[in-house]
Amino acid sequence: MFTSIKPEELKQNVFSAIGKQWMLITAEKDGKSNTMTASWGGLGVLWGKNVATIYVRPQRYTYEFVEGSDTFTLSFFPQEKHGVLEYCGAKSGRDVDKAKECGLTAAKAANDAPYWEEAELVLVCRKLYWQDIDPAHFVDASIDEKCYGTHDYHRMYIGEIVEVLKKEL
């Protein structure tokens, strides 16, 4: 069972949660949802709102779902579920039913954004802004060389965190 808390009540170290534990980005389009693993992103305050920033490459199947929806969720899982994140990062929803293969149970937030019951923390976001990464703006050219050897630049999305769901233990 989940309890709704304020973003300011989060106790997690966001650097560990995103960069080490990872998260699932999930969105729905035309009644179908898709999810992908991400280890890049951020949380903060922008435009007077609590926000999450995510990055999705255009060739990822989840890209079309995030593009086609006004919302997305970020689901964080306990360490014992790390295999789920590895699987969802290695397989495409074009080819397999990730939820079925991983034993994930779909749920809906108050705004109908999809998330996973097995998560321990879910950030429900409403899209505010997007922008494609522009290689001309790299001040440190080594980032372009290291992360974008094939020039497959991410699209950045900024979403207002409209609800935080924390699993009761």
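For the structure, check the block above.
Bear in mind the structure is a predicted one, so any value in this text is a computation, not a measurement.

### So, the pattern of salt bridges
One pass over the full model with this rule turns up five salt bridges. Taking the shortest distance from any N to any O, the salt bridge between Glu28 and Lys108 comes out at 2.8 Å. Of this pair, Glu28 sits in strand E2 (residues 23–29) while Lys108 sits in strand E7 (residues 106–108), and the two are 80 residues apart along the sequence. Judged by its relative accessible area of 22%, Glu28 is partly exposed. Across the salt bridge formed by Arg155 and Asp132, the nearest N and O atoms sit 2.6 Å from each other. Residue Arg155 is found in strand E10 (residues 155–167), and its partner Asp132 is found in strand E9 (residues 121–132); the two are separated by 23 residues along the sequence.

### Let's talk about the packing of aromatic side chains
With the rule as written, the count across this model stands at five aromatic pairs. Here the aromatic rings of Phe2 and Tyr115 are separated by 5.4 Å at their centres, their planes lie at 85°, and the arrangement is edge-to-face. With a gap of 113 residues between them, Phe2 in strand E1 (residues 2–5) and Tyr115 in strand E8 (residues 114–116) connect regions that are remote in the sequence. The burial state of Phe2 is the same as that of Tyr115; both residues are buried. Taking 4.9 Å as the distance between ring centres and 80° as the angle between the ring planes, the aromatic pair formed by Tyr61 and Phe65 counts as edge-to-face. On the criterion of helical spacing, the pair formed by Tyr61 and Phe65 is a turn pair, its members being four residues apart in helix H2 (residues 61–67). Exposure class is identical for Tyr61 and Phe65. Each is buried. Ring pairing ties together the aromatic residues Phe138, Tyr148 and Tyr153, which thus form one cluster.

### Thoughts on the layout of surface pockets
The computed volume of the largest pocket comes to approximately 220 Å³. Taken together, 13 residues form the lining of the largest pocket, with Met36, Thr37, Ala38, Ser39 and Arg60 sitting closest to its centre. The set of elements that each furnish at least two residues to the lining of the largest pocket consists of strand E3 (32–38), strand E5 (49–56) and helix H3 (82–90). Considering every element that reaches the lining of the largest pocket, the biggest residue donor is E3, with three residues. Here the lining of the largest pocket is built from residues that sort into seven nonpolar, four polar and two charged. In terms of lining, the second largest pocket is formed by Pro7, Glu8, Leu10, Gln12, Val14, Leu43, Gly44, Val45, Asn50, Val51 and Ile161. If one sorts the elements of the lining of the second largest pocket by residue count, strand E4 (residues 41–46) sits on top with three residues. In terms of residue class, the lining of the second largest pocket is made up of seven nonpolar, three polar and one charged.

Calculation rules
Residue numbering note: each chain is counted from 1, following its sequence as written. Whole-chain, interface and lining totals are the exception, using all residues; otherwise, since this is a predicted model, local features are given only for residues with pLDDT of at least 70 and side-chain atom pairs are given and counted only at 80 or more. For side-chain calculations, the full set of non-hydrogen atoms in the structure is used, while hydrogens and water are omitted. Take a side-chain nitrogen of Lys or Arg and a carboxyl oxygen of Asp or Glu: if they are within 4 Å of each other, that pair is a salt bridge. Think of it this way: any DSSP run of H or I at least four residues long counts as a helix, any run of E at least two long counts as a strand, and we number them from the N terminus. Each residue gets one of three labels from its accessible area relative to the maximum for its type: buried under 20%, exposed over 50%, partly exposed in between, using a 1.4 Å probe on protein chains only. Pairing of aromatic rings covers Phe, Tyr and Trp, the last counted by its six-membered ring, and requires centre-to-centre distances within 6.5 Å; plane angles under 30 degrees mean stacked, over 60 mean edge-to-face, and any other angle means tilted. As defined here, a cavity is a set of points on a 1 Å grid over the protein atoms alone where a 1.4 Å probe fits but cannot get out. A pocket is an open set with protein on both sides within 12 Å along at least five of seven lines, and residues line them when an atom is within 4 Å of a point. Grid points are joined across faces, edges and corners, and a volume is the space filled by probe spheres set on the points. Any residue that is not Ala, Val, Leu, Ile, Met, Phe, Trp, Tyr, Cys, Pro, Asp, Glu, Lys or Arg is counted as polar, Gly included; the first ten are nonpolar and the last four charged.

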